[in-house]
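Spelled out from the first residue to the last, the chains are:
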Protein chains: 2
Amino acid sequence: MTARSVSILGVTGSIGQSTRRVIEEVRAQGAEIQVEAVTAGANLPALVEACRSLRPRFAAVADPALLLDARDALAPLGVEVGAGVGALEEAGARRADWVMSAIVGAAGLTPTMAAVRRGASVALANKECLVCAGPLFIEAAKAHGARLLPVDSEHNAIFQVLTHPERVEKLTLTASGGPFRTASKEAMAVATPDQACAHPRWSMGRKISVDSATLMNKGLELIEASYLFGFKSDLIDVLVHPQSTIHSLVHYVDGSVLAQMATPDMRIPIAYALAWPDRALVSAARLDLAGVGQLTFEAPDSERFPALGLCRAALNRGAAATTAISAANEIAVEAFLSGRIGFLDICRVVEEAMSELEGAESGLIAKSPTSFDEVAAVDQAARGAAQRIAGSLAAA
Amino acid sequence: MTARSVSILGVTGSIGQSTRRVIEEVRAQGAEIQVEAVTAGANLPALVEACRSLRPRFAAVADPALLLDARDALAPLGVEVGAGVGALEEAGARRADWVMSAIVGAAGLTPTMAAVRRGASVALANKECLVCAGPLFIEAAKAHGARLLPVDSEHNAIFQVLTHPERVEKLTLTASGGPFRTASKEAMAVATPDQACAHPRWSMGRKISVDSATLMNKGLELIEASYLFGFKSDLIDVLVHPQSTIHSLVHYVDGSVLAQMATPDMRIPIAYALAWPDRALVSAARLDLAGVGQLTFEAPDSERFPALGLCRAALNRGAAATTAISAANEIAVEAFLSGRIGFLDICRVVEEAMSELEGAESGLIAKSPTSFDEVAAVDQAARGAAQRIAGSLAAA
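Residues numbered from 1 in each chain as written. Chains lettered and ligands numbered in written order. Predicted model: local features only at pLDDT ≥ 70, side-chain atom pairs only at ≥ 80, totals over all residues. Heavy atoms only, no water.

Asks: Teacher, can you tell me more about the sheet that holds strand 10 (residues 246-252) of chain B here?
Replies: Hydrogen bonds between backbone atoms are what pair the strands of a sheet, whose relative direction is either parallel or antiparallel. The strand order across the open sheet formed by eight strands is 9(A)-8(A)-10(A)-11(A)-11(B)-10(B)-8(B)-9(B), and the pairing between neighbours is mixed. Since the sheet does not close on itself, it has two edges, and those belong to strand 9 (236-240) of chain A together with strand 9 (236-240) of chain B, each with one partner. The average angle at which neighbouring strand axes cross in this sheet is 20 degrees, direction not considered. Where strand 8 (residues 168-175) of chain B and strand 9 of chain B come together, five bridges link them in parallel fashion. In the strand pairing of strand 9 of chain B, B:Leu173 is matched with B:Val238. Lying over the sheet, helix 8 (residues 153-160) of chain A contacts strand 8 (168-175), strand 10 (246-252) and strand 11 (257-261) of chain A together with strand 11 (257-261) of chain B, oriented at roughly 40 degrees with respect to strand 10 of chain A. (Pairing = 2+ DSSP bridges. Helix = DSSP H or I, 4+ residues; strand = E, 2+ residues; numbered from the N terminus. Axes fitted to C-alpha atoms, helices over the stretch in contact; angles between N-to-C directions. Contact = heavy atoms within 4.5 Å.)

Right, here's the structure in full:
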């Protein structure tokens, strides 16, 4: 791997920590990786631990109240420290060849855009950049010559086997099917947050676990894939594959289907994004297909999992609708996790919020946002609609 | 697809006919494909039919007795005609950008070498070029700048996903497991030629069907893969995969495993080789994983299928040993198909023939052949040894 400077936006989260392990491993093999900047939310001990290993030039904490503590802790390591949203943006803006965008949620957008505007290679683990502001984000990347390297295991898989982008017939995103793959609709109607969060394959946060259970996560990935690779929704299939071994597939016009497989270890797509266009040696567990024994596949059930159809409809409607569906879903999942609505109500809230926005006099959802401020306005409108609908369902 | 001139060595066989269908299909889409030469063995009606569609400049028949008949039949089409081994060689030597090497058996070697010496792109469906004369053939291709495009579904799969040849950890060749995958050793001992030829997935000739039943075919493919891609035998695994949907896999140092999948239709690898480095639109049946439902994998049983181990041992021993094992197997399969020896005797004959050659005073198998004449000498010695051993087994 050639020498490079990197920054990690969100170094204390799960992806950030995996990125750190990959960097430590390739450094131990002799790769020259200079870390320019790292960021954290409020987890100071984890930030200090990361800085001790990575030795960045600059560290930013999101919480301004932590500035002095962070300075005290990091000064001995020779790390310059900043705090607040301006410091997060500075972390993205500072010169580094490669930037891992792993801040969770909308907070990741501004620092990632700072890296995009520099024309950096951006390893994209933050979903909001694409789901909330897809076309704007993609256009900015093109305009500034920023290379986007998808880290999500499905998109990374597609990226790995996208040998002939002009000769693609369709893409297939695989989905584990989540904890309710074989559940009856009756059982799903009374599912608890803990049941919804018991994901069969990956250990994840509660919001994304619920998204996996509704398949909304796959729907949002479909939106991401559409923006990232430039394919319309009808060229992107979703296939339920409970073993999560094949991470996604690309179908070509000659009948060949290429796939990437691996054990479920995020170091693998992170290392691919880091070493791209080369590959790096990583000690993740090796896939043993004879040990796995069998891989199974089934079409998703659109009756029990309406989220996929809702996301396809939003994609067909345009960029404002994809911004809105993600925001409405966030509110609906919160309402479910706090016990205010049932599991099946999540998609009901989303669907009704989308209907309401489509019928709104403002016409907010009909036109594509032309700025991040317009994106934020759509986002707010969708949250407001979803809150009202969730509230009336909770009261019923 | 850019305009190109092509020749098809072995146009009337199964691969040749599939090649013709691919060419007809891409021509219908507007691709400019000029056919320079085609060859056939003795099937004049099929040759005439092929010439009517392909309109080659030159056609060669292997059987010299057919020269006048062929001229009579092809003159109205404006096709120049030759016959005999010299004409086959001329077909390979005539200027074409791309040559399909699909003559079955050792007869394919000379015309394919003629194409290699011109530095053509050679789509390789003939197994003998690699199995019998691998290192010599590969060296010749390198020396003359000939690009080898593997057509065998397994090697073509590897070729399609060999994105980082320097970063490969291992290759996996998949094997259907053949008709005796789940058979007891007792049942295999009394298996008839018809039982051995009842391949579960592909319809093939009797010799190669028996090779599939013994897994010798996979062992020979392992030898081919080793020479073609430059990996030692211990970096090439064999995995039994009865659905034959994943055609082979490449494992990278970062833990990613890339695979090519497709329905079992040889037009798919042929089209890939023809259009390479582009891809062409081909109407082969599309893979439907939800329809397939499940893919299964198991390690091969080296006790019931010793052929894999024999081929690995030959590879480790060197080029003369791989020449010898292919020749000895040919004789052993003939003896089985003619009812002289039992199914399990095939590998016994091969194993004993290899032992005999290794112990031979001539030392023939110890040194790598430096010419095709030396290859032929090893081939003859192996056939002689195998004949004697098969004879003694038959007499016992």
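Asks: I keep staring at unusual backbone geometry and nothing clicks. Help me out?
Replies: Keep in mind that most residues, glycine aside, have a negative phi and that most peptide bonds are trans. All names here are of chain A. Trp276 connects to Pro277 through a cis peptide bond whose omega is 5 degrees. Backbone geometry places Ser244, a non-glycine residue, at a positive phi of 45 degrees. Structurally, Ser244 can be placed in the loop between strand 9 and strand 10. Here Ser244 falls in the buried class, since its relative accessible area comes to 9%. (Buried < 20%, exposed > 50% of the residue type's maximum accessible area, 1.4 Å probe, protein only.)

Asks: How should I be thinking about the pattern of salt bridges in this particular structure?
Replies: Pairing between side chains of opposite charge can happen when their charged atoms approach one another. All names here are of chain A. Scanning the entire structure with this criterion turns up 56 salt bridges over all chains. The salt bridge involving Glu49 is made with Arg20; its shortest N-O contact spans 3.3 Å. Separated by 29 residues along the polypeptide, Glu49 in helix 2 (residues 44-54) and Arg20 in helix 1 (residues 14-28) bring together distant segments of the chain. Judged by relative accessible area, which is 11%, Arg20 ranks as buried. Here Glu352 and Arg348 are joined by a salt bridge, their closest N and O atoms 3.8 Å apart. (Salt bridge = Lys/Arg side-chain N within 4 Å of Asp/Glu carboxyl O.)

Asks: Help me understand the relation of the copies chain A and chain B in this model?
Replies: Applying a rotation about an axis and a shift along it to one chain copy brings it onto the other copy. Superposition of chain A onto chain B requires a rotation of 180 degrees combined with a translation of 0.0 Å along the rotation axis, giving an RMSD of 0.0 Å. One copy is carried onto the other by what is essentially a two-fold rotation axis. Here 100% of the contact residues of chain A are again contact residues in chain B; the copies associate through an equivalent surface. (Least-squares fit on C-alpha atoms with pLDDT ≥ 70 in both.)

Asks: Would you mind showing me how to read the domain arrangement of chain A here?
Replies: Often, the extent of an interface is quoted as the loss of accessible area on bringing the components together. Segmenting chain A into domains produces domain 1 (4-126) and domain 2 (153-264 + 288-396). For domain 1 of chain A and domain 2 of chain A, the distance between their C-alpha centroids amounts to 29 Å. (Domains from an automatic or database assignment.)

Asks: Would you take a moment to explain the nonpolar core for this structure?
Replies: One recurring pattern in soluble globular proteins is that nonpolar side chains are buried together. Grouped together as the largest cluster of nonpolar side chains are 280 residues, with contacts concentrated most on A:Leu47 and B:Leu47. Of all hydrophobic cores here, the second largest spans 20 residues; its members include A:Leu287, B:Ile246, B:Leu295 and B:Phe297. (Core = buried A, V, L, I, M, F, W, Y, C linked by side-chain atoms within 4.5 Å.)

Asks: Which parts of the structure should I look at to understand the layout of surface pockets?
Replies: Where empty space is left can be seen by rolling a probe of water-molecule size over the atoms. Residues and elements named next belong to chain A. Estimates place the volume of the second largest pocket at around 1,100 Å³. In this structure, the second largest pocket is lined by 46 residues; those nearest its centre are Lys127, Asp152, Met204, Ile208 and Asn217. Looking at side-chain class alone, the lining of the second largest pocket contains 16 nonpolar, 20 polar and ten charged residues. Summarising the domain contributions, the lining of the second largest pocket has at least three residues from each of domain 1 (4-126) and domain 2 (153-264 + 288-396). (1 Å grid on protein atoms, 1.4 Å probe; cavity = no way out; pocket = protein on both sides within 12 Å on 5 of 7 lines; lining within 4 Å. Points joined across faces, edges and corners; volume = space filled by probe spheres on them. Nonpolar A, V, L, I, M, F, W, Y, C, P; charged D, E, K, R; others polar.)

Asks: Whenever I open this one, the sheet that holds strand 4 (residues 80-83) of chain B confuses me. Can you help?
Replies: Residue and element names in this part refer to chain B. Here we have seven strands laid out as an open sheet, ordered 4-3-2-1-5-6-7, and parallel in their pairing. Two strands lie at the open edges of the sheet, namely strand 4 and strand 7 (147-150), each paired on one side alone. This sheet shows a mean twist of 20 degrees between the axes of neighbouring strands, independent of strand direction. Lying on the sheet, helix 4 (residues 85-93) is in contact with strand 1 (4-9), strand 2 (33-40), strand 3 (58-61) and strand 4; it crosses strand 3 at an angle near 145 degrees.

Asks: Explanation requested: the interface of chain A and chain B in the structure shown.
Replies: Counting from both sides, the interface comprises 40 residues of chain A and, opposite them, 40 residues of chain B. Counting the surface lost from both chain A and chain B, the interface buries some 3,500 Å², and carbon and sulfur atoms represent 53% of this. For chain A, the biggest contributors to the area lost against chain B are A:Asp254, A:Arg279 and A:Phe297; these three give 20% of the whole. Connecting chain A to chain B are six salt bridges. Here B:Glu169 ties to A:Arg286 by a salt bridge, and the two come within 2.8 Å at their closest N and O atoms. Our count for the contact surface shared by chain A and chain B stands at 28 residue pairs in polar contact (both at pLDDT 80 or more). Of all the secondary structure elements, the ones that give two or more residues to the side of chain A that touches chain B are strand 10, strand 11, helix 13 (267-275), helix 14 (289-292) and strand 12 (294-296) of chain A. When grouped by side-chain class, the residues that make up the side of chain A that touches chain B number 23 nonpolar, ten polar and seven charged. Pairing between strand 11 of chain A and strand 11 of chain B: five bridges, direction antiparallel. The partner of A:Met261 across the bridge, within strand 11 of chain B, is B:Val257. (Buried area = accessible area lost by both parts, 1.4 Å probe. Polar contact = N/O pair within 3.5 Å; in protein donor to acceptor, adjacent residues only side chain to side chain.)

Asks: Is there a simple way to explain the environment of A:Gly78 in this structure?
Replies: All names here are of chain A. Topologically, Gly78 is positioned in the loop between helix 3 (67-74) and strand 4 (80-83). For Gly78, a relative accessible area of 59% corresponds to the exposed category. C-alpha of Gly78 to C-alpha of Arg55: the two residues are 23 residues apart in sequence and 8.1 Å apart in space.

Asks: For this particular structure, what's the right way to read the pairing of strand 6 (residues 121-124) of chain A?
Replies: Two faces make up the sheet, and in a regular strand the side chains alternate between them. All names here are of chain A. Pairing of strand 5 (residues 98-101) with strand 6 involves four bridges; the strand directions are parallel. Bridged to Val99 within strand 6 is Val122. In this sheet, strand 7 (residues 147-150) lies alongside strand 6 in parallel orientation, the contact comprising four bridges. Paired with Ala123 across the bridge in strand 7 is Leu149.

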